[in-house]
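This is what each chain is made of:
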Amino acid sequence: MPWKNQGGGPWGSGPKGPWGSGPQPVGPRPPDLEDLLRRAQDRLQQLLPGGYFSGIGIAIVLLAAIAIWAMSGFYRVQSEELGVVLRFGKYVRDAQPGLNYHLPYPIESVLLPKALRVSTLSIGMTLIDDPARRGRTMRDVPEESLMLTGDENIVDVDFTVLWRIKPKGVADFLFNIQNPEGTVKAVAESAMREVVGKSNIQPILTGARTTTEASVQELMQKTLDSYGSGILVQQVQMQKVDPPAQVIDSFRDVQAARADLERLQNEAQTYANRVVPDAKGRAAQIIQVAEGYKQQAVAEAKGQSARFLKVYDEYKKAPEVTRQRIYLETMERILGGSEKLVYDGGSSGQGIVPYLPLSELTARRPVPPTTGQPQPQSGATR
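My aim in this report is to walk through the structure given alongside it, one point at a time. One numbering rule holds for all chains: residues counted from 1, following each sequence as written. In keeping with the model being predicted, local features are shown solely for residues with a pLDDT of at least 70 and side-chain atom pairs are shown and tallied solely at 80 or more, while totals for entire chains, interfaces and linings include all residues. Side-chain calculation: all heavy atoms of the structure are included, whereas hydrogens and water are not.

1. As for the nonpolar core
Next, step 1: Put simply, buried Ala, Val, Leu, Ile, Met, Phe, Trp, Tyr and Cys residues joined by side-chain atoms within 4.5 Å make one nonpolar core. Throughout this description, buried means an accessible area under 20% of the type-specific maximum (1.4 Å probe, protein chains only), exposed means over 50%, and partly exposed covers the range between. Counting 35 residues, the largest nonpolar core has Val157, Phe159, Val161, Met192 and Met220 as its most contacted members.
Next, step 2: Each helix is a run of H or I in the DSSP string that is no shorter than four residues. Each strand is a run of E no shorter than two, and both are numbered from the N terminus. Every element with two or more residues in this core is listed here: strand S2 (83–87), strand S6 (119–123), strand S10 (154–165), helix H4 (170–175), helix H5 (180–197), helix H6 (201–205), helix H7 (209–227) and strand S11 (231–242).
Next, step 3: Among the elements that take part in this core, H5 stands out by supplying seven residues, more than any other.
Next, step 4: With sequence-adjacent residues up to four places away left out, Met220 is seen in contact with Val161, Val184, Val187, Ala188, Ala191, Val233 and Val236. Any pair of residues with heavy atoms lying within 4.5 Å of one another is described as a contacting pair.

Set out below in structure tokens:
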């Protein structure tokens, strides 16, 4: 056919279609790789006049390789890291944070553990993904948290351990233990079980948490030091300390009853502290009053006996005079407080009615009390 002799088919020569010219390239063309390699070889030949395998060329290549190899010894230690330099696999020195240098590999190498970072380890609880809440939730791990106390009770203990690498123990941390986190977890769980096993449940649940935490931290540090682990235990924090879930309601009832008992005891002690001193004070007052009355009665009795003895001595010296004096003093004491009317008994007294109540016609004076003497009736004396 005639159109077969035409280039490009029935539409003419070249890559053309029925609507004109064929597809044209769009955008910049990619560089030719062979052309770039050829240009690089030409420039390298200009730098190495003797060719690749000449003495100068080999020397330059070796120097460049040595320079690159030497520069590979530079490394940077981050703020929370601590470099450990090894020479043929043996520990040589530590490297502080910042830019440092070691002999290139394989002479020296460097390890960069997170020596300045404080790690947190949870025991008795773990974080799991919760699709319903679109986050992570805490789940209890009974095989780690259930422990037996010294008084044969079971307690559920969840706690966390804060630990880090000792500044001078990085080499021990890297070479003496294979699984640091697993080692710390095993030691923490063992130490907590030992301390709880030596204690009663009541102090652990109430006021002995601080003491328990300090004891666990001390025991953990002692055990890790015996391993040569290079780990420093900074703190042990008890998050939850409860009885097992199966008996927690009954245990809370016991705790409430014990709290009521302590409250009633405190109220009784408060009442006793208020009443007992008052009763002691009143008893002391009564004793003091009785002691004073005793001393007064004894003093009065001694005084009366001494007075009687003195009067008796005088009576023996002059009986009549003493008898007359005693009579006059007695009459003076008896008649001193009574109403009296004295008349001379002459003719003026004949008109006096014997039974006239003269005591009611005169002003009555108060009669002083006398001890052991009858009170005389007031009336006229004739």
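2. Regarding the packing of H5 against H7
Next, step 1: Structural elements are reduced to axes, namely lines fitted to C-alpha atoms, with helices fitted over the stretch in contact, and the angle between N-to-C directions of any two is expressed from 0 to 180 degrees. Contact geometry for H5 and H7: axes closest at 9 Å, N-to-C directions at 135°. One way to sum up the angle between H5 and H7 is to call them oblique. The way H5 lies across H7 gives a crossing that is right-handed. Taking contact as the criterion, the partners of Thr183, Val184, Val187, Ala188, Ala191, Met192, Glu194 and Val195 in H5 are, on H7, Thr212, Ser215, Val216, Leu219, Met220, Thr223, Leu224 and Tyr227. Note that the term roughly parallel is reserved for angles under 35 degrees, roughly antiparallel for angles over 145, roughly perpendicular for angles of 65 to 115, and oblique for everything else. Helix crossings fall into two classes, left-handed where the near helix is turned counterclockwise from the far one by less than a right angle and right-handed where it is turned clockwise.

3. Re the environment of Val184
Next, step 1: Mapping Val184 onto the fold places it in helix H5.
Next, step 2: Given the relative accessible area of 0%, Val184 is considered buried.
Next, step 3: For the pair Val184 and Val233, spaced 49 residues apart in sequence, the C-alpha separation works out to 9.0 Å.
Next, step 4: Look past the residues within four positions of Val184 in its chain and what remains in contact with it is Leu121, Val161, Trp163, Met220 and Ile231.

4. Structural notes on the sheet that holds strand S5 (residues 108–111)
Next, step 1: Pairing between strands is defined by DSSP: at least two bridges between the two strands are required. The strand order S3-S2-S5 describes an open sheet built from three strands, whose pairing is antiparallel. At either end of the open sheet lies a strand with only one pairing partner, and these are strand S3 (90–95) and S5. Averaged over neighbouring strand pairs, the angle between their axes works out to 30° when direction is ignored.
Next, step 2: For S2 and S5, the ladder comprises four bridges, and the chain directions are antiparallel. By the bridge assignment for S5, Val84 is matched with Leu111.

5. Observations regarding the pattern of salt bridges
Next, step 1: The working definition used for a salt bridge is a side-chain nitrogen of Lys or Arg within 4 Å of a carboxyl oxygen of Asp or Glu. The full count for this structure, using the stated rule, is eleven salt bridges.
Next, step 2: Arg323 is the salt-bridge partner of Glu320, the closest N and O atoms lying 2.9 Å from each other. Taken together, the residues Glu320 and Arg323, both in helix H9 (residues 319–335) and three residues apart, mark about one turn of the helix.
Next, step 3: The exposure class assigned to Arg323 is partly exposed, which follows from its relative accessible area of 39%.

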